[in-house]
Amino acid sequence: AGVSYAWGDTPEHGLTGKFWLDVVSQKAQASAADQAANGLGADTSFTGNSWDGGVKLGIGGFEGVLYGYTGSGIGTTGLLILPTSASGEKRDSQGGYAQLTYKFDKVKFGASYGESKLDLADDEKLVINPLNNKYASNLVKQNKSGVFGVYYSLTKSITLVGEYVDTKSKAWDGNSADEQTYVLGGIIFF
């Protein structure tokens, strides 16, 4: 379920904006094959719950967005991806992003930053690797990314894109990965 409200059709009307709030509740049931593969006593069903919300404001050539979410048994990166431990205990997740852009004529400059976090389930917090005193799980703990971009409206339907993306990921066992990417491309609107 969700609710949203928008005002101001175009930047010429002064302050434009939108806010939204969404909630989700999803029940998942393990298949017979999954139940057979899990250990005795593992939960075979759970209900994931989450909410997210945000606000987008624009004035003149400036536009800003703030967004956040939190959930339990929802997962990370996609709905119901890694939502529970092997024994069926729910994992909590939370995250959000902020974005600011400025557009003049056909050129738009933008910067954004976002994070997504996945907590271990309570039963996973009990398993510590004695070699490094960190959690034994190699699950993602946190993904975070910053983007700086320049966008050029070639036509009403085609926008050229140039971005620099700096992404960092950490796992619960201490592993990490960093990636810096340059992106050149286009967007077609239809």
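That block above? That's the structure.
Just so you know, these numbers come straight off a predicted model, no measurement behind them. (Residues numbered from 1 in each chain as written. Predicted model: local features only at pLDDT ≥ 70, side-chain atom pairs only at ≥ 80, totals over all residues. Heavy atoms only, no water.)

### Section: the pattern of salt bridges
Right, on to step 1. By the definition in use, this model includes 4 salt bridges.
Right, on to step 2. In this structure, E124 and R91 form a salt bridge, with 2.5 Å as the shortest nitrogen-oxygen distance. Of this pair, E124 sits in the loop between strand 6 (107-118) and strand 7 (128-129) while R91 sits in the loop between strand 4 (62-72) and strand 5 (92-104); the two residues are 33 residues apart in sequence, bridging distant segments of the chain. Per residue, the accessibility class of E124 equals that of R91, and both read buried.
Right, on to step 3. Between K117 and E115 there is a salt bridge; the shortest N-O distance is 3.7 Å.
Right, on to step 4. Classification of E115 by relative accessible area gives partly exposed; the value is 24%. (Salt bridge = Lys/Arg side-chain N within 4 Å of Asp/Glu carboxyl O. Helix = DSSP H or I, 4+ residues; strand = E, 2+ residues; numbered from the N terminus. Buried < 20%, exposed > 50% of the residue type's maximum accessible area, 1.4 Å probe, protein only.)

### Overview of the packing of aromatic side chains
Right, on to step 1. Tallied over the full model, the rule gives 10 aromatic pairs.
Right, on to step 2. Each residue in the set W20, Y67, Y69 and Y97 is aromatic and connected to the rest through ring pairs, giving one cluster.
Right, on to step 3. Over the aromatic face of Y151 sits the side chain of K108, whose NZ or CZ is 6.0 Å from the ring centroid.
Right, on to step 4. The ring of W172 is capped by K141, whose NZ or CZ atom sits 4.7 Å from the centre of that ring. (Phe/Tyr/Trp six-rings, centres within 6.5 Å; stacked < 30°, edge-to-face > 60°. Lys NZ or Arg CZ within 6 Å of the ring centre and 35° of its normal.)

### Observations concerning the sheet that holds strand 4
Right, on to step 1. Taken together, the 9 strands give an open sheet; going across it, the order is 1-2-3-4-5-6-9-10-11, and neighbouring strands pair in antiparallel fashion. Edge strands, defined here as strands with exactly one partner in the open sheet, are strand 1 (2-7) and strand 11 (176-188). Shown here is a sheet whose adjacent strand axes are inclined to one another by a mean of 10°, direction ignored.
Right, on to step 2. Pairing between strand 2 (residues 16-29) and strand 3 (residues 45-59): 14 bridges, direction antiparallel. (Pairing = 2+ DSSP bridges. Axes fitted to C-alpha atoms, helices over the stretch in contact; angles between N-to-C directions.)

### Concerning the pairing of strand 2
Right, on to step 1. Of the strand pairs in this sheet, strand 1 and strand 2 are connected by 6 bridges, and their pairing is antiparallel. Each bridged residue has a counterpart across the sheet, and for W7 the counterpart in strand 2 is G17.

### Topic: the side chain of S93
Right, on to step 1. Topologically, S93 is positioned in strand 5.
Right, on to step 2. Separated by 2.9 Å, the side chain of S93 and the backbone oxygen of G75 make a polar contact. (Polar contact = N/O pair within 3.5 Å; in protein donor to acceptor, adjacent residues only side chain to side chain.)

### As for the side chain of S116
Right, on to step 1. Mapped onto the fold, S116 is located in strand 6.
Right, on to step 2. A distance of 2.6 Å separates polar atoms of two side chains, one belonging to S116 and the other to Y69.
Right, on to step 3. In this structure S116 touches Y69, T76, Q94, G95, K141, Q142 and N143, once residues within four positions along its chain are discounted. (Contact = heavy atoms within 4.5 Å.)

### Regarding the environment of S176
Right, on to step 1. Of note, S176 is situated in strand 11.
Right, on to step 2. The spatial distance from the C-alpha of S176 to the C-alpha of N129 is 16 Å, given a sequence separation of 47 residues.
Right, on to step 3. In contact with S176, not counting residues within four places along its chain, are S169 and K170.

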